[in-house]
Amino acid sequence: EAEVAQSPRYKITEKSQAVAFWCDPISGHATLYWYRQILGQGPELLVQFQDESVVDDSQLPKDRFSAERLKGVDSTLKIQPAELGDSAMYLCASSDRPFLAGVGGELFFGEGSRLTVL
Amino acid sequence: AQSVTQLGSHVSVSEGALVLLRCNYSSSVPPYLFWYVQYPNQGLQLLLKYTSAATLVKGINGFEAEFKKSETSFHLTKPSAHMSDAAEYFCAVSGADDMRFGAGTRLTVKP
């Protein structure tokens, strides 16, 4: 069964360091999402890609976070510098249909990357 | 914009008892509604989804949910809880913009 791949699964870093997370969506899925899930809360959307283009990054803290999907396939989410409040699970998800189409596509999630900032 | 509210951050049931997890939604357009399950340190897995077809939706692992427009609800049920059902459950709604998740309900199953 096709899966969304994420790495690393766990990352421990010190405050002010740079971190990066990688995501490879299900083959053929044009829409890719990065969510942040703080412990005890539901996932919150950080950024949404349609192919290589950013569709929505209104909730992405752009002073320290960046995301790219250069070839419209895999994606990288970077944090620089990391802060204590960034400790969370970073989830990548993909879909074969965008929300903008209004057809309510199902999201397929990876196992996530858990970040701990010390 | 759409949103969901999950009533009860923790639910505890005995093995074999009925599971009821509550979700109410708010949406300015006909909603698509989802229930996801998350096991510790894992991603979210789809249990079931409502996409304006039948109002009673059956999902995996014996779960089902009923869409009630008059009550703006989409509660998740399972007739008989199993120990393996212990997890975090998230209700979600999507419209034309994105998918919004509730805060989650942690289900504990007692032997």
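Everything discussed here concerns the structure shown above.
Everything numeric here is computed off the predicted structure, so don't read it as measured data.

Calculation criteria
- Residues numbered from 1 in each chain as written.
- Chains lettered and ligands numbered in written order.
- Predicted model: local features only at pLDDT ≥ 70, side-chain atom pairs only at ≥ 80, totals over all residues.
- Heavy atoms only, no water.
- Helix = DSSP H or I, 4+ residues; strand = E, 2+ residues; numbered from the N terminus.
- Contact = heavy atoms within 4.5 Å.
- Areas by Shrake-Rupley, 256 points an atom, 1.4 Å probe, with all protein chains shown as cover.
- Pairing = 2+ DSSP bridges.
- Axes fitted to C-alpha atoms, helices over the stretch in contact; angles between N-to-C directions.
- Polar contact = N/O pair within 3.5 Å; in protein donor to acceptor, adjacent residues only side chain to side chain.
- Phe/Tyr/Trp six-rings, centres within 6.5 Å; stacked < 30°, edge-to-face > 60°.
- Buried < 20%, exposed > 50% of the residue type's maximum accessible area, 1.4 Å probe, protein only.
- Core = buried A, V, L, I, M, F, W, Y, C linked by side-chain atoms within 4.5 Å.
- Salt bridge = Lys/Arg side-chain N within 4 Å of Asp/Glu carboxyl O.

Draft legend 1. The arrangement of the overall build of chain B in detail. When its secondary structure is counted, chain B shows 0 helices and 11 strands. Counting from the amino terminus, chain B carries its helices and strands in the arrangement β-β-β-β-β-β-β-β-β-β-β. In chain B, of all internal contacts separated by at least 6 residues, the share reaching a separation of at least 24 is 55%. Roughly 5100 Å² of accessible area belongs to chain B as shown, and the carbon and sulfur atoms make up 52% of that amount.

Draft legend 2. Summary view of the sheet that holds strand β8 (residues 75-79) of chain A. Residues and elements named next belong to chain A. With respect to topology, 4 strands assemble into an open sheet ordered β1-β3-β8-β7, the strand pairing being antiparallel. This sheet does not close on itself; its edge strands, each paired only once, are β1 (5-7) and β7 (65-68). Ignoring which end each strand starts from, the neighbouring axes of this sheet average 15° apart. Pairing geometry for β1 and strand β3 (residues 19-24), over 3 bridges, is antiparallel. When the sheet's bridge partners are listed, Q6 is paired in β3 with C23.

Draft legend 3. Structural view of the environment of S9(B). Residues and elements named next belong to chain B. Of note, S9 is situated in the loop between β1 (3-7) and β2 (10-14). Along the primary structure S9 and G59 are separated by 50 residues, whereas in three dimensions their C-alpha atoms are 22 Å apart. What S9 contacts, discounting residues up to four positions off in sequence, is G104, T105 and R106. A polar atom in the side chain of S9 sits 3.2 Å from the side chain of H10.

Draft legend 4. Expanded view of the packing of aromatic side chains. This structure, assessed with the given rule, holds 13 aromatic pairs over all chains. Ring centres 5.9 Å apart and planes at 50° place the aromatic pair Y35(A) and F109(A) in the tilted group. Here F109(A) lies in strand β10 (residues 108-109) and Y35(A) lies in strand β4 (residues 31-37), a separation of 74 residues in the sequence. Of the two residues, Y35(A) and F109(A), neither departs from the other in class, the shared state being buried. Taken together, Y33(A), Y35(A), F109(A), F34(B), Y36(B) and F101(B) form an aromatic cluster joined through their ring pairs.

Draft legend 5. Main features of the nonpolar core. Counting 26 residues, the largest nonpolar core has L33(B), W35(B), L47(B), L48(B), F74(B), L76(B) and Y89(B) as its most contacted members. Once residues within four sequence positions are removed from consideration, L47(B) is found in contact with W35(B), Y36(B), V37(B), G59(B), I60(B), N61(B), F63(B), L76(B) and Y89(B). Of all hydrophobic cores here, the second largest spans 20 residues; its members include W34(A), F65(A), A88(A) and L115(A).

Draft legend 6. A look at the side chain of Q6(B). All names here are of chain B. For Q6, the position within the fold is in strand β1. A polar side-chain atom of Q6 sits 3.0 Å from the main-chain carbonyl oxygen of Y89. A polar side-chain atom of Q6 sits 3.0 Å from the main-chain amide nitrogen of C91.

Draft legend 7. Representation of the sheet that holds β1(B). All names here are of chain B. Judged by pairing direction, the sheet is antiparallel, and its 5 strands sit side by side in the order β1-β3-β8-β7-β6 without closing on themselves. If you trace the sheet from one side to the other, it starts and ends with β1 and β6 (56-58), each paired once. Each strand of the sheet is rotated relative to its neighbour by a mean of 20°, with strand direction disregarded.

Draft legend 8. Representation of the pattern of salt bridges in the model. One pass over the full model with this rule turns up 8 salt bridges over all chains. A salt bridge links D57(A) to K62(A); the shortest N-O distance between them is 3.7 Å. With a relative accessible area of 26%, D57(A) lands in the partly exposed category. R106(B) is the partner of E88(B) in a salt bridge, and the nearest nitrogen-oxygen pair spans 3.0 Å. Separated by 18 residues along the polypeptide, E88(B) in strand β9 (residues 87-94) and R106(B) in strand β11 (residues 105-110) bring together distant segments of the chain.

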